Amino acid sequence: MTAPGPAAGAWSGAVRSEWVKLRSLRSTVTAYAAIAAVLAALCGLCLTLPGGGTEDPVFAALLLAELLVAGVAVLAAAGEFSAGTARSTFTAVPRRTPVLVGKLLAHGGALLAVLAVAAVAGGTAAAIGAPEAAGSPLDPLVLRAVGGTALTLLGVVVLGVSAGLLTRSPAGGLAAVFALVVLPVVVVTAPEVTAYLPGRAAQGLVFTGAPPEAHLLPGAAAAAVLVAWAVVAAMAAATVLRRRDV
Amino acid sequence: MIEIQDVSKRHGDRWAVRELSCTVRPGRVTGFLGPNGSGKSSTLRMVVGLDSPTSGRVLVEGRRYAEHPAPLTRVGALLEARGVHPGRSARAHLQALAATHRFSRRRVEEVLELVGLTEVAHRRSGGFSLGMGQRLGIAAALLGDPATVLLDEPANGLDPDGVRWLRGLLRQLADEGRTVLVSSHLLAEMAGTADHVVVLGRGRLLADAPLAELLASGARPAVRVRSPRARELRDLLHGPGVVLGSPAEDVLLVEGASAEQVGEVARAHGVPVHELVTEQPSLEEAFAALTGDAVEFDAGRVRR
């Protein structure tokens, strides 16, 4: 047997490893294709509907994208435990935290790439399909909608991966993300309070034309709330991951 | 080298491992034996840092596993059950592991070749037989060309050819100076492979000895004698300290007398002997003698 080459840092290795895992599962690749289609529709709608829209189609497309991203992220993490790969993964990376970071970077990167392609595709389709209605892609409202969508979905990646690592169960992880992201949007109760849940903060970030009685947080506050949720979730996941037996 | 130092592990209110100390040395195949639930798998998981001991510590190659900068080059492990996503190909599984340590693609192909999975490496591993899954697990364990190799029940699901291949591989790894620790419930398999055995029962160390010594310490060797006048010989051999059994009409099993003594008695009385063999106690017998209490204890708990 020949000796393998010298091992480099665990961090970059863990990111590469998670990228290989992402690419090598048919279900994950299919899910990202579906996310691309939904995001292309979302971007096209943002361009053709006035005001970046609180309009239902945009609302629905964002929710669907969030759900799909949550599913991929939760499965990428909880699937390690349900499929039994956690043993080989954490034997290869016994410090464990690099696995969490690797998953976040691999899936966050894939998501941004998909969003970039979808934005160009959606924008082109809108310009060709409805030239008179289509706004400029450089309209600040449109840029904010796309940027807000990017930040929202990255937040969902972090929440999903963290929830998957914390619950170690695909169903449990999905339920947790659903409760934080989808439920508060679908069933709005105590709007002043639920505005601080990730799902509604995301709406505040993406939609600019919402009426004041919707009690959505303004853009900067919404972004800060989303980031805070993501940071807390990731830190909780890292702490538990390091301490708990695999 | 694996150094297990006064390790205990509690799961809830049950001790999986209690005050276990032993050293697994390089250059030989060490068999890790014990009834189900005796703490073998818990111990192996602590060696690679998946579980942390409640007290005590485990060192591999001089350090705690997680403290090695490139752990896969020090220790390779095949742990119970399959650690492969069913939707991922064997090659992709190994490539994902290799990426953590920047091992080359060529190394992945080498271990695939070594375990004989090259032909099916592109297929989703969900369709693999148990034996193919074991081979993939062994490939993963050898990926980093590690100094210490841990294999939990590696013979599970292997066909006879595979078992022979595995024996050769274990021997080769030990001869290369590596530390090889193999758990198994197939005692016969161990008898043909291990140089040294560590036996656990109820989480405690029952034996840590060369295989030959364990065999010698178990049930006393028996003499098997076949004669057309077995019944007559039986009366002649009867005496203090001699236990006689008769598994067949013309066969006697004699404990407490040597083959020489039996032969002399038969010659002195002119009893013809067609077969006279000293039977070494089997590993099963030695194992049962050691773990008898432990097994009974577990069975008692289950019944309650």
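Calculation notes
- Residues numbered from 1 in each chain as written.
- Chains lettered and ligands numbered in written order.
- Predicted model: local features only at pLDDT ≥ 70, side-chain atom pairs only at ≥ 80, totals over all residues.
- Heavy atoms only, no water.
- Core = buried A, V, L, I, M, F, W, Y, C linked by side-chain atoms within 4.5 Å.
- Buried < 20%, exposed > 50% of the residue type's maximum accessible area, 1.4 Å probe, protein only.
- Helix = DSSP H or I, 4+ residues; strand = E, 2+ residues; numbered from the N terminus.
- Contact = heavy atoms within 4.5 Å.
- Domains from an automatic or database assignment.
- Polar contact = N/O pair within 3.5 Å; in protein donor to acceptor, adjacent residues only side chain to side chain.
- Pairing = 2+ DSSP bridges.
- Axes fitted to C-alpha atoms, helices over the stretch in contact; angles between N-to-C directions.

What follows deals with the nonpolar core. Formed by 128 residues in total, the largest nonpolar core has its most connected members in Leu39(A) and Ile2(B). Among the elements that line this core, the one with the most residues is helix H3 (residues 56–82) of chain A, at 13 residues. When near neighbours in sequence (up to four residues on either side) are disregarded, Ile2(B) contacts Cys22(B), Thr23(B), Val24(B), Val47(B), Val58(B), Leu59(B), Val60(B), Thr148(B), Leu150(B), Thr179(B) and Leu181(B). In terms of nonpolar packing, the next biggest core, distinct from the first, is built from 14 residues, Ala230(B), Leu233(B), Leu244(B) and Leu252(B) among them.

The subject of this paragraph is the domain arrangement of chain B. Domain boundaries assigned for chain B yield domain 1 (2–217) and domain 2 (222–279). When each unit is reduced to the centre of its C-alpha atoms, the spacing between domain 1 of chain B and domain 2 of chain B is 45 Å.

The next point concerns the side chain of Glu18(A). Residue and element names in this part refer to chain A. Note on placement: Glu 18 falls in helix H1 (residues 10–23). A distance of 2.8 Å separates polar atoms of two side chains, one belonging to Glu 18 and the other to Lys 103. Excluding anything up to four places from it in sequence, Glu 18 contacts Glu 80, Thr 89, Val 99, Gly 102, Lys 103 and Ala 106.

What follows concerns the sheet that holds strand S12 (residues 251–255) of chain B. Residue and element names in this part refer to chain B. If you walk across this open sheet you meet the four strands as S11-S12-S10-S13, and the pairing is antiparallel. Two strands in the sheet have a free side with no partner beyond their single neighbour: strand S11 (243–248) and strand S13 (275–279). The average angle at which neighbouring strand axes cross in this sheet is 20 degrees, direction not considered. Bridging between strand S10 (residues 222–226) and S13 involves five bridges; their strand directions are antiparallel. Bridging from a neighbouring strand, Ala 222 pairs with Glu 279 of S13. Against the sheet, helix H8 (residues 230–237) touches S10, S11 and S12, its axis set at about 15 degrees to S12. Its contacts with the sheet put helix H9 (residues 259–268) on S10, S12 and S13, and the angle it makes with S13 is roughly 160 degrees.

Residue and element names in this part refer to chain B. Mapped onto the elements of the fold, Ser 8 is located in strand S1 (residues 2–11). In terms of polar contacts, Ser 8 uses its side chain to reach the backbone amide nitrogen of Glu 19, at 2.9 Å. Discounting chain neighbours no more than four positions away, the residues touching Ser 8 are Trp 15, Val 17, Arg 18, Glu 19, Pro 53, Thr 54 and Ser 55.

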